[in-house]
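Residue-level structure breakdown
If you want the building blocks of each chain, they are given just below.
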Amino acid sequence: MKGIITVVGKDRVGIIAKVCTLLSEKNINILDISQTIVQGYFNMMMIVDLSNTTDDFGKIEDKLVELGKSIGVVIKLQREEIFNSMHRI
Amino acid sequence: MITRLEVQETNRMIEKAKLDVRTITLGISLLDCADNNIDALNKKIYDKITKTAEHLVKVGEDIEKEFGIPIVNKRISVTPISIVAASTKADSYVSIAHTLDKAAKAVGVNFIGGFSALVHKGCNSSDNVLIQSIPQALAETERVCSSVNLGSTKSGINMDAVKQMGQVIKDTAINTKEKDSIGCAKLVVFCNSPEDNPFMAGAFHGVGEKDAVINVGVSGPGVVKKALEEVKGKDFETLCETVKRTAFKITRVGQLVAREASERLNIPFGIIDLSLAPTPAIGDSIAEILEEMGLESVGAPGTTAALALLNDNVKKGGVMASSYVGGLSGAFIPVSEDQGMIKAVERGAINLEKLEAMTCVCSVGLDMIAIPGDTTAETISGIIADEMAIGMVNGKTTAVRIIPVIGKNVGDTVEFGGLLGYAPIMSVNSFSCKDFIRRGGRIPAPIHSFKN
């Protein structure tokens, strides 16, 4: 199962590092990362593979949201299908 | 591969433009519950609903979390109770309404529809018992919704039932007068009612349906409004294309949610209802879409045309996005549930007659309109008859959900709370239709040729 992680918020040191550490702890593989910083605002999207993680999808999402709060950014994890169905015929 | 911009677009629709899936409605057939003992029937109904819908709310919440799309309501529709209960020969079906209410609370859904009767050609004795039970049933229950189909293009309009429903609406208003006659917000009358509508108050599970089925209602007036902001001043082709493209995207999300829910609950997928359903929240309004098209206020000349093109293009976009489309599918124009519509009433830009004209091209009808509590039953029947005639002649679904608020008059406001919103009381034409309504009988089906 693939998921899309989005991180939006004020830029600071270590955002990617913290997100990636959490993902690696959960055995989630990163397939693609793209990011921009516009006027100090950090905007990242990751495509991740969740097929090898043993954790429940909802729990991982909760963890990410929690992490986001602790570093002052908004993190979302959503299954990829919602974007595919909306933007691909 | 999905791009960042596409991800952003979707999430902006959800976060800023209030895109959501309005309802997952589980239709449940109660035909196999029939029993000649009403207590046994009640038990069977309760057991069947609670067993079939056991996981509905949980599955809805899981999907919501995994895809990051709000699913506002989880609901249930059942076979019209007048059919299910016919063999009991009971003289009241209020106990069944209580059973439905109890079952809805047990599984955690916010509304259950199907306290209904289909009487477009005539009422049998069970239909009469059901209709007579409505005022008490809606006063004593919280989550039960009731609907009555009074006419159809094929069979005409049952004017005896139209007359009766005027009184039933009035009685329901009186029975719930302490709560601003809210019982009437859970009661709708139809012409050409669809059997697979997931939206309340008119949802019921038709007799032509499977044992259980998942129907999904999408929404997103805010998304359409935002999209139209981008094409300000452009011609109608661009306008229509934009509505179509947006409706397509919204519906694809609905389709995904419906498929997922159907798989997880192991219940077949029925239809997607393409309706644009507003809520009282700011920026989730049909009226604002019409105003974005270039009207100073909804109700201005041009409103009906604007609504017609909105409704048609929502369907065109939606139909391509889903394999099965059904239900009501179009733009809803409720008054109390739409901030823009409320404002239009308050500024005197729209009246009951203009709303009636708009129902000729929109998906449902006169919806959530508060009128003075002293409106007579005959006048309510007259309003219903007009709306039924529009549906019958044009071969479309029309409905009336009107609330005569006891003790209130034009100039007052009524507060229903939650998704039902609030509404200023609208004035009703004061000339009488008493002698017309009292005639009784049935208006024959219209001719289907010589369309003019």
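Scoring rules and cut-offs
- Residues numbered from 1 in each chain as written.
- Chains lettered and ligands numbered in written order.
- Predicted model: local features only at pLDDT ≥ 70, side-chain atom pairs only at ≥ 80, totals over all residues.
- Helix = DSSP H or I, 4+ residues; strand = E, 2+ residues; numbered from the N terminus.
- Rg over C-alpha atoms; globule rule 2.2 N^0.38 Å.
- Buried ≥ 20, exposed ≤ 12 C-beta atoms within 10 Å, placed from the backbone.
- Contact = placed C-beta atoms within 7 Å.
- Axes fitted to C-alpha atoms, helices over the stretch in contact; angles between N-to-C directions.
- Parallel < 35°, antiparallel > 145°, perpendicular 65-115°, else oblique.
- Left-handed = near helix turned anticlockwise from the far one by under 90°.
- Nonpolar A, V, L, I, M, F, W, Y, C, P; charged D, E, K, R; others polar.
- pLDDT = per-residue confidence, 0-100.

Assigned secondary structure in chain B consists of 15 helices and 14 strands. Relative to the globule expectation of 22 Å for 452 residues, the C-alpha radius of gyration of chain B, 21 Å, shows essentially globular dimensions. Residue burial in chain B is summarised as follows: out of 452 residues, 60% are buried. Long-range pairs, those at least 24 residues apart, make up 80% of the contacts in chain B between residues at least 6 apart in sequence.

Now for the packing of helix 7 (residues 159-175) of chain B against helix 14 (residues 377-394) of chain B. Residues and elements named next belong to chain B. Running from N to C, helix 7 and helix 14 cross one another at 130°; their axes reach a closest spacing of 8 Å. When the axes of helix 7 and helix 14 are compared, the pair comes out oblique. For the pair helix 7 and helix 14, the crossing hand works out as right-handed. Counting all contacts with helix 7, which are made through Met159, Val162, Lys163, Met165, Gly166, Gln167, Ile169 and Lys170, the residues of helix 14 involved are Ala377, Glu378, Ile380, Ser381, Ile384, Ala385 and Met388. The residue makeup of the contact of helix 7 with helix 14, split by class, is nine nonpolar, three polar and three charged.

For chain A, per-residue confidence averages 93 on the pLDDT scale, and residues scoring 70 or more make up 100% of the total. Confidence scores differ between elements of chain A, with strand 2 (residues 29-38) of chain A showing the lowest mean pLDDT of 92 and strand 4 (residues 73-79) of chain A the highest of 95.

Listed per partner, the contact involves 19 residues of chain A and 17 residues of chain B. At the level of elements, strand 1 (2-10), strand 2, helix 2 (57-71), strand 4 and helix 3 (81-87) of chain A are the ones that each hand at least two residues to the side of chain A that touches chain B. Considering each element in turn, the side of chain A that touches chain B owes the most residues, seven residues, to helix 3 of chain A. Class assignment for the residues of the side of chain A that touches chain B results in six nonpolar, seven polar and six charged.

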